[in-house]
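Chains, contacts and geometry: an overview
The primary structure of each chain is shown beneath.
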Amino acid sequence: MTKMRGPPNSACRHALLAALAIALGCASSPRAVPRPAAPPAPPERGTFNLRQGTTVVITERFTRTDTLLVADLVVVNGPRSTYSARLNPDGSVASIEVREYAVAAARDAQPSAVVTANFAGDSVIVTRGREVARVRLPAGTVAYVNPSPSLMAQLVLRARAIGGDDVSVPFWVPDAGGQPSTARVRLAPTGAHLVLGGIDVMLEFDARGRLTGGSVPMQNITIERTDGTD
């Protein structure tokens with residue numbers, strides 16, 4: 001006659017209970033479902049007109065995303081510049097290519113000059129044709145093409161990232177070369193006061209932080225945004 005085995009000892013009971021707990025936990029816990037990534041924000045597009053009195057003297061058409069700013073800057077009856085800038089999350093510029101045209105009306109003409117600049121740490125590598133140079137710059141410098149309202153707005157974005165109400169922002173003009181300059185940016189909830197190359201520039205922003213207009217009082221210039229603000 002076969003003898004009945006007694007109850008499992010304490011160690012065995014603990015092992016069985018632990019295995020049962022793991023099995024029940026796996027069976028009852030729902031699998032985590034990953035949330036879909038938020039769709040990227042649509043590009044911001046617009047046109048700025050710079051008026052001197054009642055006359056439009058400069059226009060800029062631009063497209064902006066979180067990482068790219070592309071613009072076509074035209075002096076009426078004068079030269080034209082286009083640029084494409086890759087943007088960093090802190091408002092600084094990672095790289096920029098500037099193309100210059102002697103005559104704005106000649107849309108199919110070859111550029112008279114092409115400048116590319118790649119920013120890295122405390123310097124920028126500049127290429128003009130076959131010439132390559134390295135220029136020392138403060139980290140976080142913003143490239144600036146005069147008188148681009150979109151890049152004025154970029155100076156403000158950089159100032160906001162630095163923090164404070166009165167901020168010094170280093171900037172550098174690719175087509176001029178040379179050493180960097182510093183813009184003073186005084187921030188307000190819906191605007192900013194820039195001192196740029198010794199010139200006062202007053203800028204206005206909407207609730208989403210987009211540049212909507214401004215003025216350069218010393219030069220009797222008004223900056224108007226004619227589309228892309230809805």
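Residues numbered from 1 in each chain as written. Predicted model: local features only at pLDDT ≥ 70, side-chain atom pairs only at ≥ 80, totals over all residues. Heavy atoms only, no water.

1. Here we look at the overall build of the chain
When its secondary structure is counted, the chain shows 2 helices and 15 strands. In the chain, which comprises 230 residues, the proportion classed as buried is 37%. Residue pairs in contact within the chain that sit at least 24 positions apart in sequence constitute 36% of those at least 6 positions apart. For the chain, the accessible surface area stands at approximately 13700 Å², while carbon and sulfur atoms represent 56% of it. (Helix = DSSP H or I, 4+ residues; strand = E, 2+ residues; numbered from the N terminus. Buried < 20%, exposed > 50% of the residue type's maximum accessible area, 1.4 Å probe, protein only. Contact = heavy atoms within 4.5 Å. Areas by Shrake-Rupley, 256 points an atom, 1.4 Å probe, with all protein chains shown as cover.)

2. Side note on the pattern of salt bridges
The full count for this structure, using the stated rule, is 8 salt bridges. Where arginine 225 meets glutamate 44, a salt bridge forms, and the shortest distance between an N and an O atom there is 3.0 Å. Here glutamate 44 lies in strand S1 (residues 44-52) and arginine 225 lies in strand S15 (residues 221-227), a separation of 181 residues in the sequence. Take arginine 225: its relative accessible area is 11%, and that puts it in the buried class. Notably, a salt bridge pairs aspartate 166 with arginine 184, separated by 2.6 Å at the nearest N-O pair. A residue pair is termed long-range when its members are at least 10 positions apart, and aspartate 166 in strand S10 (residues 166-172) and arginine 184 in strand S11 (residues 181-188) qualify at 18 residues. On the accessibility criterion, aspartate 166 (43% relative accessible area) is partly exposed. The partly exposed category is assigned to arginine 184, whose relative accessible area is 38%. (Salt bridge = Lys/Arg side-chain N within 4 Å of Asp/Glu carboxyl O.)

3. Some remarks on helix H2 (residues 149-162)
Taking 1.5 Å per residue, 14 residues should reach 20 Å; H2 reaches 20 Å between its end C-alpha atoms and fits that length. Across the 14 residues of H2, 10 count as buried, placing the element largely inside the fold. Pro149, Ser150, Leu151, Met152, Ala153, Gln154, Leu155, Val156, Arg158 and Ala159 are the residues of H2 that are buried. Just beyond H2, the residue with positive phi is glycine 163, at close to 100°. (Expected span 1.5 Å × (residues − 1).)

4. A closer look at the confidence of the model for the chain
For the chain, the mean per-residue pLDDT works out to 85, and 79% of the residues sit at or above 70. The model gives residues 15-29 a pLDDT under 50, and that stretch makes 0 contacts with residues more than four places away or in other chains. (pLDDT = per-residue confidence, 0-100.)

5. Remarks on the packing of aromatic side chains
The full count for this structure, using the stated rule, is 3 aromatic pairs. With centroids separated by 5.2 Å and ring planes inclined at 10°, the aromatic side chains of phenylalanine 48 and phenylalanine 62 adopt a geometry described as stacked. In this pair, phenylalanine 48 is assigned in strand S1 and phenylalanine 62 in strand S2 (residues 55-64), connecting sequence segments 14 residues apart. Given the relative accessible area of 1%, phenylalanine 48 is considered buried. Taking 5.8 Å as the distance between ring centres and 80° as the angle between the ring planes, the aromatic pair formed by tyrosine 144 and phenylalanine 171 counts as edge-to-face. Of the two residues, tyrosine 144 sits in the loop between strand S9 (142-143) and H2 while phenylalanine 171 sits in strand S10, which places them 27 residues apart along the sequence. We classify tyrosine 144 as buried; its relative accessible area is 3%. Of the residues examined, phenylalanine 171 reaches a relative accessible area of 6% and is grouped as buried. The ring of tyrosine 101 has arginine 80 sitting right over it, with the charged end atom 4.7 Å from the ring centre. (Phe/Tyr/Trp six-rings, centres within 6.5 Å; stacked < 30°, edge-to-face > 60°. Lys NZ or Arg CZ within 6 Å of the ring centre and 35° of its normal.)

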